[in-house]
Each structure stands twice: as C-alpha cells, then as structure tokens.
Amino acid sequence: LRHHLDGGVAKGALTQEQADAKWNEWKAQKDAKVVAKKDGIVKEAAKKAKEAVAAEAKVNQERAEAINKKKLAAVSQYVHVVMSPYLKETEVMQLITNITMWMESDEPVLTAITTDGRLTTLDLRHFAWNIGERFKWKGVKRASFIKIVFPVEMRELEVETIRRNLRQNGTCLIELDIPDKGCY
C-alpha cells in the first residue's frame, strides 16, 4: 500500500500529507486487527486450558471416588470378618455406616457401639489403625474415630494417648494388618 501511495504523490494525485494520513489510518486498522487476533488466540488458549484442567479434575475426582468405593467395599468385608464375633449384626452394619460417614463428612454424627467385652483397647486401636491405613487417615483421625465409636471401651484413654499407641504390640485378638502396596 505504501508503494501505491508514494506513486500517487509522484503523479500529483495526492499530497504527501494525504498519503501519510491514509497510510497511518491503514496501519492503525491493521495493527488493531493483529492485536484483536492475538487477544482472541490467547483467550481461546486460556479457555481451552481451563476446560482441560476442569476435565482432568473431573476424571481425577471420578477415579478417586472409584478407588474409595473399592476401599470401602474391602473395609466393609474386613469389618464383617473381624468384628462379627464381637458385635451384633446390626452393630456391624452401624460400624460400617460410621466408617462411611467419617470418611465422607467433615462433621459426621457417629453412633456409639459397644462390643461384647472380649476386645481390649489394644484390639480396638489395631482395628482403627487397620481401617485408617486403607483410607490414609492421620493418626489423630484414627484415634478420634475409635474414641467416638467405642466410648465405653475407650473411656479411660485420651485421644492423644490412643494416637501414640495405635500400633502398640501385645497380646490381642485383632492384629495389625499392614496392606501390601496397592492393596486395600
């Protein structure tokens, strides 16, 4: 375009000021189009990146929910096998409900359960450790759970004492069950 405008000035069809004004107008329009195109590309890329992050987060959430579902199924089976000799069936089911609520809620309301008296605090601490290990609960969360769910059996112990002694060795009915890597 500049070449044509200079040709017009040479032939006398335009003055240099008119040619410069047309050139500046065209250049400003061209620059505005380039900036708009760049902005559009940047916005589109940001939008696609945001959508990709959201899609990945959704997939990760679904994967985590599926894993937690498998863990809960494994823990439910474990609870049935380990606790059935010491609890009534309704209490076993309530214990599973308590575990589910403790896992899913920030402020769960748990129902207290009483054993038949054969389990010691060591057994219950091992039980809490075994379950907590599957769900990656911190020690204080494990100790708080067992203190709330079995208040009669744990009445003599503070949460911090329970936490410190979750893996204590001794004669017991419920042994520590350390999971293999990738197992529940």
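Residues numbered from 1 in each chain as written. Predicted model: local features only at pLDDT ≥ 70, side-chain atom pairs only at ≥ 80, totals over all residues. Heavy atoms only, no water.

This next bit is on the overall build of the chain. Helix and strand content of the chain: 6 helices and 0 strands. Listing each helix as α and each strand as β along the chain from the N terminus yields α-α-α-α-α-α. Its C-alpha atoms give the chain a radius of gyration of 35 Å, clearly above 16 Å, the size a compact globule of 184 residues would have. If one aligns the C-alpha atoms of the chain with their principal axes, the spans along those axes are about 110 × 30 × 30 Å. Surface accessibility of the chain: about 12100 Å² in total, with carbon and sulfur atoms responsible for 55%. Separation of charge centres in the chain, based on 31 positive and 26 negative side chains, amounts to 6 Å. (Helix = DSSP H or I, 4+ residues; strand = E, 2+ residues; numbered from the N terminus. Rg over C-alpha atoms; globule rule 2.2 N^0.38 Å. Areas by Shrake-Rupley, 256 points an atom, 1.4 Å probe, with all protein chains shown as cover. Lys, Arg positive; Asp, Glu negative; His and termini not counted. Charge placed at Lys NZ, Arg CZ, Asp CG, Glu CD.)

Another aspect to go through is the pattern of salt bridges. According to the stated counting rule, one finds 8 salt bridges in the structure shown. Here Arg2 ties to Asp6 by a salt bridge, and the two come within 3.6 Å at their closest N and O atoms. Here the residue Arg2 and the residue Asp6 both occupy positions in helix α1 (residues 2-11), the gap between them amounting to 4 residues, near one helical turn. Taken together, the salt bridges that share partners define one network made up of Arg2, Asp6 and Asp20. (Salt bridge = Lys/Arg side-chain N within 4 Å of Asp/Glu carboxyl O.)

Another point: the packing of aromatic side chains. With the rule as written, the count across this model stands at 5 aromatic pairs. The interplanar angle of 15 degrees and the centroid separation of 6.0 Å between the aromatic rings of Tyr78 and Phe127 together place this pair among those described as stacked. Taken together, the residues Tyr78 in helix α2 (residues 16-83) and Phe127 in helix α4 (residues 121-135) connect sequence positions 49 residues apart. For the pair Tyr78 and Phe127, a shared accessibility class is recorded, and that class is buried. A connected cluster of aromatic rings, assembled from ring pairs, spans Trp102, Phe135, Trp137 and Phe145. (Phe/Tyr/Trp six-rings, centres within 6.5 Å; stacked < 30°, edge-to-face > 60°. Buried < 20%, exposed > 50% of the residue type's maximum accessible area, 1.4 Å probe, protein only.)

Unusually for a residue other than glycine, Lys136 sits at a positive phi of about 60 degrees. Looking at where Lys136 falls in the secondary structure, it is placed in the loop between α4 and α5 (139-149).

Right, let's talk about the nonpolar core for a bit. Of all hydrophobic cores here, the largest spans 34 residues; its most connected members are Val79, Met83, Leu95, Ile99, Phe127, Ile131 and Phe150. Breaking this core down by element, the ones donating at least two residues are α2, α3 (89-104), α4 and α5. Filtering out sequence-adjacent residues up to four positions away, Met83 remains in contact with Tyr78, Val92, Leu95, Leu119, Leu124, Phe127, Phe150 and Ile174. (Core = buried A, V, L, I, M, F, W, Y, C linked by side-chain atoms within 4.5 Å. Contact = heavy atoms within 4.5 Å.)

Atomic detail in the predicted coordinates should be set aside for any region of low pLDDT. Averaged over the chain, the pLDDT score is 92; the fraction of residues at 70 or greater is 98%. Confidence scores differ between elements of the chain, with α1 showing the lowest mean pLDDT of 86 and α5 the highest of 96. (pLDDT = per-residue confidence, 0-100.)

Turning our eyes to something else, we now look at the environment of Asn98. Note on placement: Asn98 falls in helix α3. Counting along the chain gives 68 residues from Asn98 to Lys30, while the straight-line C-alpha distance between them is 67 Å. Other than its neighbours up to four places away in sequence, Asn98 contacts Leu110, Thr111, Ile113, Phe145 and Val149.

On to α5. For α5, every residue scored as buried is listed here: Arg142, Ala143, Ser144, Phe145, Ile146 and Val149. Considering only its buried residues, α5 is in contact with α3, α4 and α6 (159-164).

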